[in-house]
Amino acid sequence: PPTPQPCRGPPSLYHERQRLELCALHALNNVLQRPCFTQEAADEICKRLAPDARLNPHRSLLGTGNYDVNVIMAALQSLELAAVWWDKRRSLERLALGQILGFILNVPSHVSLGFVALPLRRKHWLAVRQLHGTYYNLDSKLRAPVAIGGEAELRAFLRDFLSQGLCEVFLVVPRAVEEAGAWLSPE
């Protein structure tokens, strides 16, 4: 498993760096704060999700990763957790942050070949997690985690990504919190 990278935050913060197209795997491990899932485990989940598929629709044809949300959801379910899709029409003030383990975002990302940026955009998974009262951006493309700040700064961070359009936010919560709808504060 990848070794934790140095970070600007607390020394106990776990952060996997980008490798191949494994950002979904890195986002899972970063939000869980431990090396919980491997590429082999994610590939097994893909096979379970589409056992009869010759070309698996849940990952890259090249076997380099690029896993979809179904793999993330199944991985979290195996740990009694859930990924709850955030409806952008809701106010971020309604997030019951005390009930949420972390966030996994799917965001547009520029494609580059070495130092040359290509005019293409792909989707990229990244994690956000709170530790000791501070939220951190645990994007695997970052050299180290970046402190976002407290609850107000987190909401501004999420609002900024959501305003870009092609972004999805998933709340990572215990299954009991998902079932009770406790991730959402009453209006």
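Numbers given to residues run from 1 along each chain, matching the order in which its sequence is written. Whole-chain, interface and lining totals are the exception, using all residues; otherwise, since this is a predicted model, local features are given only for residues with pLDDT of at least 70 and side-chain atom pairs are given and counted only at 80 or more. As a rule here, side-chain values come from all non-hydrogen atoms in the structure, and water together with hydrogens is ignored.

Each aromatic pair joins two rings of Phe, Tyr and Trp (for Trp, the six-membered one) with centres within 6.5 Å, and gets the label stacked for planes under 30 degrees apart, edge-to-face for over 60, and tilted for any other angle. What the rule picks out here adds up to three aromatic pairs. Plain terms: the ring middles of W86 and W183 are 6.2 Å apart, the flat faces sit at 75 degrees to each other, and that makes the pair edge-to-face. Of the two residues, W86 sits in the loop between β1 (81-85) and β2 (102-113) while W183 sits in the segment after α5 (175-180), which places them 97 residues apart along the sequence. Summarising the burial analysis for this pair, W86 and W183 share the class buried. Secondary structure is summarised from DSSP: a helix means a run of H or I of at least four residues, a strand means a run of E of at least two, and numbering begins at the N terminus for each. Exposure classes here rest on a 1.4 Å probe applied to the protein chains alone. A residue is buried below 20% of its type maximum, exposed above 50%, and partly exposed in between.

Counted at 1.5 Å a residue, the expected span for helix α4 (residues 151-163) with its 13 residues is 18 Å, and the 18 Å between its end C-alpha atoms agrees. Taken together, the buried positions of α4 are occupied by L154, R155, F157, L158, F161 and L162. When α4 is viewed along its axis, its buried side chains cluster within an angular range of 160 degrees and face the same direction. With respect to the buried face of α4, the exposed residues turned more than 90 degrees away are A152 and S163. Following α4 by one or two positions, G165 has its phi on the positive side, about 95 degrees. Given the number of residues in a helix, its expected span is that number minus one, multiplied by 1.5 Å. What the arc measures is the spread of directions leading from the helix axis to the C-beta atoms.

Okay, the UniProt feature "active site" (unreviewed entry) in the protein chain next. UniProt tags C23, H124 and D139 as "active site" (unreviewed entry). For this annotated set, covering 117 residues, all C-alpha atoms fall within 9.1 Å of each other, a compact arrangement in space. Inspection of the secondary structure puts H124 in strand β3 (residues 116-131). Positionally, D139 belongs in the loop between β4 (134-137) and β5 (146-149). UniProt positions are given in the numbering used here, feature names are shortened, and annotations may be inferred rather than shown by experiment.

All right, on to unusual backbone geometry then. For Q33, which is not glycine, the phi dihedral falls at a positive 65 degrees. If you trace the backbone, Q33 turns up in the loop between α1 (23-32) and α2 (39-49). Within the chain, E80 stands out as a residue other than glycine whose phi angle is a positive 65 degrees. Tracing the chain through its elements places E80 in the loop between α3 (69-77) and β1. Judged by relative accessible area, which is 49%, E80 ranks as partly exposed.

On to the nonpolar core, then. Core analysis: the largest hydrophobic core is formed by 28 residues, its most contacted members being L28, I72, L76, I104 and W125. Only α1, α2, α3, β1, β3 and β6 (168-174) provide two or more residues apiece to this core. Residue contributions to this core peak at seven residues, all from α1. In what follows, a contact means two residues having at least one pair of non-hydrogen atoms within 4.5 Å. The residues contacting L76, other than those within four sequence positions of it, are L28, L32, L81, A82, A83 and V172. Grouped together as the second largest cluster of nonpolar side chains are 26 residues, W86, L95, I100 and F161 included. Among the buried residues, those of types Ala, Val, Leu, Ile, Met, Phe, Trp, Tyr and Cys that are joined through side-chain atoms within 4.5 Å form a nonpolar core.

Turning to the environment of A24, a few remarks are in order. When you line up the elements, A24 lands in helix α1. Overall, the relative accessible area of 1% leaves A24 in the buried class. For A24 and D68, which are 44 residues apart along the polypeptide, the C-alpha to C-alpha distance reads 7.5 Å. When residues no more than four places from it in sequence are discounted, the contact partners of A24 are Y67, I72 and W125.

Turning next to the pattern of salt bridges. The term salt bridge refers to a side-chain nitrogen of Lys or Arg lying within 4 Å of a carboxyl oxygen of Asp or Glu. On inspection of all chains with the given rule, the structure shows six salt bridges. Between R155 and E93 there is a salt bridge, and its shortest N-O distance comes to 3.6 Å. Taken as a pair, R155 in helix α4 and E93 in the loop between β1 and β2 lie far apart in primary sequence, 62 residues in all. You can call E93 partly exposed: its relative accessible area is 48%. Between R159 and E93 there is a salt bridge whose closest N-O contact spans 3.0 Å. Remark: E93 occurs in the loop between β1 and β2 and R159 occurs in helix α4; sequence separation between them is 66 residues. Sharing partners across several salt bridges, the network here consists of E93, E151, R155 and R159.

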